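What follows is each chain in one-letter form.
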Amino acid sequence: MPEWLMGKGRMNIFRVLLIFLCTGLLFFSLPGIAWAQGKALSVPNLNSEYDELMPVIAPDGKTLYFVRTSHPENTGGEKAGQDIWFSQKIEDEWQPPENPGAPLNNIYNNAISSLSPDGKGNWLNNVYLARNRMAPGLSLATRTSAGWSKPEAITIQNFTPEGGFLNCFQANDSILFLSAQTDTTQMEDIFICRRVGEKEWSAPERIKKNINTTGFEIAPVLAPDGRTLYFTSNGHGGLGDADIFMSRRLDNTWLNWSEPVNLGAAVNTAGFDGYFTLDATSGLAYFTRENQEGNTDIYFIRLDDIKPTDNITAELPQAAEPLTETKGAAEISVSKPMLPMLVYFEVNSAELNAPAQKTIQNLVTQLKDSSGSVIIRGHADDTGTETKNKILSEKRAQAVANYLKLFYSPAAFIKIEGFGSSQPLMPNQSAENRARNRRVEIRIE
């Protein structure tokens, strides 16, 4: 057995995953929780004496999927391995988890890898065969009016799973992140696949230098900005075991990324920390952490409390200096996760209402601590023509910029962009979704 499978802590957790899976920005506080500044907390109602891991949150922020190991209510019982579970958020509280049963779960080992950007596709580990048999690979289930469809196998050209841990994240309609072990890698690396058909993707292309190491890189997740990648690795140093890192996309090839940055001591510990997932609707992140008993639980943290640092060791102080990277003449600050602050608008309006003004005022303190450029991007729903939406989105961005300048005179450059309805945050299929798409995103770069 390889040495990396024989250790304690993270190694034991990863070994369980290998055995199971290969054989078969807006802020709020949850009710009843006293926030510990800068600290992650266990998700109420979710964790148990069993292993909970691999959280995946739906795009609307109302459903949290995860994997539960050896639970007596798993399909096939506690000796059947892993099942997919989910919890629903009602009035800002996560409800007791439920097992969805078939077709996502069977008597073998089941795990969710990610959801499609619109939340209608469920990427699953393994291929679901006839008579409840399983094979290595990936499957996709589709949301229907009756629930999830039967998972169907996904084809990746010139790729055969070589063992190890396999998972994926769909970035958009054409890009798929794949974490896999191949015949040329000893451990898992992160790859890019490009869509070539409805259920077919191109041969994996390994992401170039910086991301992949001689260790493993798993659980890739792309932030809603389309540029910030989070992943789990034991090959970049850190606080003692596998840590969560972030990196920025440098171009449109999807193969070139900035030097990874450790998310710091608020997220990473001496044990296993991994499977980061973002809730853009609440400004929270969820992830897996090893507890004192050696099992895994699901934790959450406010994005504002995450303070990324350089690749650190356990001996360095927690308040390490923020890392910056240089790309040409532009300096990109990575002292905080690159999720936007969101300002919302009424239908066909570029006027700032009271909540929007309050959001911008709350942002001023953060901007005073930054030397980066302020990027303000306006968006619209799909109501009206694209020309009209483009003009409206630009007016919304300008309105935010004008109001911001009343409180803050930045030395940095303010850039204003309007995208019309071309970049929806949610599918324009309901009034609620359209309301979320009528927005301005403010970010620091």
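What you see is a predicted model, and the numbers here were worked out from it, not measured in a lab.

1. Some details on the overall build of the protein chain
So, point 1. A tally of regular secondary structure across the protein chain gives four helices and 29 strands.
So, point 2. Looking at the protein chain as a whole, 55% of its 445 residues qualify as buried.

2. Structural notes on the sheet that holds strand 2 (residues 51-57)
So, point 1. The sheet built from four strands is open, its strands ordered 2-3-4-5 with antiparallel pairing. A single partner strand is all that each edge strand has here, and the edge strands are strand 2 and strand 5 (93-94).
So, point 2. Note that strand 4 (residues 82-90) and strand 5 share two bridges and pair antiparallel. In the sheet register, Lys89 faces strand 5, and the bridge partner there is Trp94.

3. A word on helix 3 (residues 386-407)
So, point 1. Over its 22 residues, helix 3 runs 33 Å from end to end, which matches the ideal 32 Å to within 8%, given 1.5 Å per residue.
So, point 2. When we look at burial in helix 3, the residues that qualify are Asn389, Leu392, Ser393, Arg396, Ala397, Ala399, Val400, Ala401, Tyr403 and Leu404.

4. Things to note about the pairing of strand 14 (residues 189-197)
So, point 1. Direction of pairing for strand 13 (residues 175-180) relative to strand 14: antiparallel, over a ladder of six bridges. The partner of Ala180 across the bridge, within strand 14, is Asp189.
So, point 2. As defined by bridge partners, strand 14 adjoins strand 16 (residues 205-206) across two bridges and the pair is classed as antiparallel. Paired with Phe191 across the two strands is Arg206, which belongs to strand 16.
So, point 3. Judged from the two bridges that link them, strand 14 and strand 15 (residues 200-201) form a sheet pairing that is antiparallel.

5. Considering the side chain of Thr277
So, point 1. Take Thr277: it is sitting in strand 21 (residues 273-279).
So, point 2. Filtering out sequence-adjacent residues up to four positions away, Thr277 remains in contact with Pro55, Val56, Ile57, Leu284, Ala285 and Tyr286.

6. Describing the pattern of salt bridges
So, point 1. Tallying each qualifying case throughout the model produces 14 salt bridges.
So, point 2. Notably, a salt bridge pairs Arg206 with Asp189, separated by 3.1 Å at the nearest N-O pair. One end of the pair, Arg206, is in strand 16; the other, Asp189, is in strand 14, and 17 residues separate them in sequence.
So, point 3. For Arg206, a relative accessible area of 33% translates into the label partly exposed.
So, point 4. We note a salt bridge from Arg289 to Asp273, for which the minimum N-O separation is 3.4 Å. Residue Arg289 is found in strand 22 (residues 284-290), and its partner Asp273 is found in strand 21; the two are separated by 16 residues along the sequence.
So, point 5. Look at the salt bridges and you will find they share partners, linking Arg377, Lys415 and Glu417 into a network.

7. Topic: the packing of aromatic side chains
So, point 1. For the structure shown, the criterion picks out 11 aromatic pairs.
So, point 2. Seen in terms of ring centroids, Phe231 and Phe245 are 5.9 Å apart; in terms of plane orientation they differ by 25°. Their pairing is stacked. Here Phe231, found in strand 18 (residues 228-233), pairs with Phe245, found in strand 19 (residues 243-248); they are 14 residues apart in sequence, far enough to count as distant. Take Phe231 and Phe245: they sit in the same class, and that class is buried.
So, point 3. Members of the aromatic cluster, joined through ring pairs, are Tyr65, Phe86 and Trp148.
So, point 4. For the cation-ring pair, Arg143 lies above Trp148, with the distance from its terminal atom to the ring centre recorded as 4.3 Å.
So, point 5. The ring centre of Tyr299 lies 4.9 Å from the NZ or CZ of Arg289, which sits over that ring.

8. Notes on the sheet that holds strand 18
So, point 1. Across the sheet, four strands lie side by side as 17-18-19-20; this open sheet has antiparallel pairing. Either end of the sheet is taken by a strand with one partner, and the two such strands are strand 17 (217-222) and strand 20 (261-262).
So, point 2. By the bridge criterion, two bridges tie strand 19 to strand 20 in an arrangement that is antiparallel. The residue bridging Met246 from the neighbouring strand is Val261, located in strand 20.

9. Topic: the nonpolar core
So, point 1. Counting 19 residues, the largest nonpolar core has Val343, Leu352, Ile360, Ile376, Val400, Val440 and Ile442 as the members making the most contacts within it.
So, point 2. If you tally residues by element for this core, the top one is helix 3, at six residues.
So, point 3. Among residues more than four places away in sequence, those in contact with Val440 are Met341, Leu342, Val343, Phe345, Ile376, Arg377, Gly378, Arg396, Ala397 and Val400.
So, point 4. Judged by nonpolar contacts, the second largest core, of 17 residues, contains Leu278, Phe287, Tyr299 and Ile306.

10. Topic: the confidence of the model for the protein chain
So, point 1. A residue-level look at the protein chain finds 80% of positions with pLDDT of 70 or above and a mean pLDDT of 80.
So, point 2. At the level of individual helices and strands, the protein chain shows its lowest average pLDDT in strand 25 (residues 330-333), which scores 29, and its highest in strand 6 (residues 112-115), which scores 96.
So, point 3. pLDDT under 50 marks residues 1-35. Its contacts with residues more than four places away, or in other chains, come to 91 contacts.
So, point 4. Confidence over residues 311-339 falls short of pLDDT 50; this stretch has 68 contacts with residues more than four positions distant or in other chains.

What counts and how
- Residues numbered from 1 in each chain as written.
- Predicted model: local features only at pLDDT ≥ 70, side-chain atom pairs only at ≥ 80, totals over all residues.
- Heavy atoms only, no water.
- Helix = DSSP H or I, 4+ residues; strand = E, 2+ residues; numbered from the N terminus.
- Buried < 20%, exposed > 50% of the residue type's maximum accessible area, 1.4 Å probe, protein only.
- Pairing = 2+ DSSP bridges.
- Expected span 1.5 Å × (residues − 1).
- Contact = heavy atoms within 4.5 Å.
- Salt bridge = Lys/Arg side-chain N within 4 Å of Asp/Glu carboxyl O.
- Phe/Tyr/Trp six-rings, centres within 6.5 Å; stacked < 30°, edge-to-face > 60°.
- Lys NZ or Arg CZ within 6 Å of the ring centre and 35° of its normal.
- Core = buried A, V, L, I, M, F, W, Y, C linked by side-chain atoms within 4.5 Å.
- pLDDT = per-residue confidence, 0-100.

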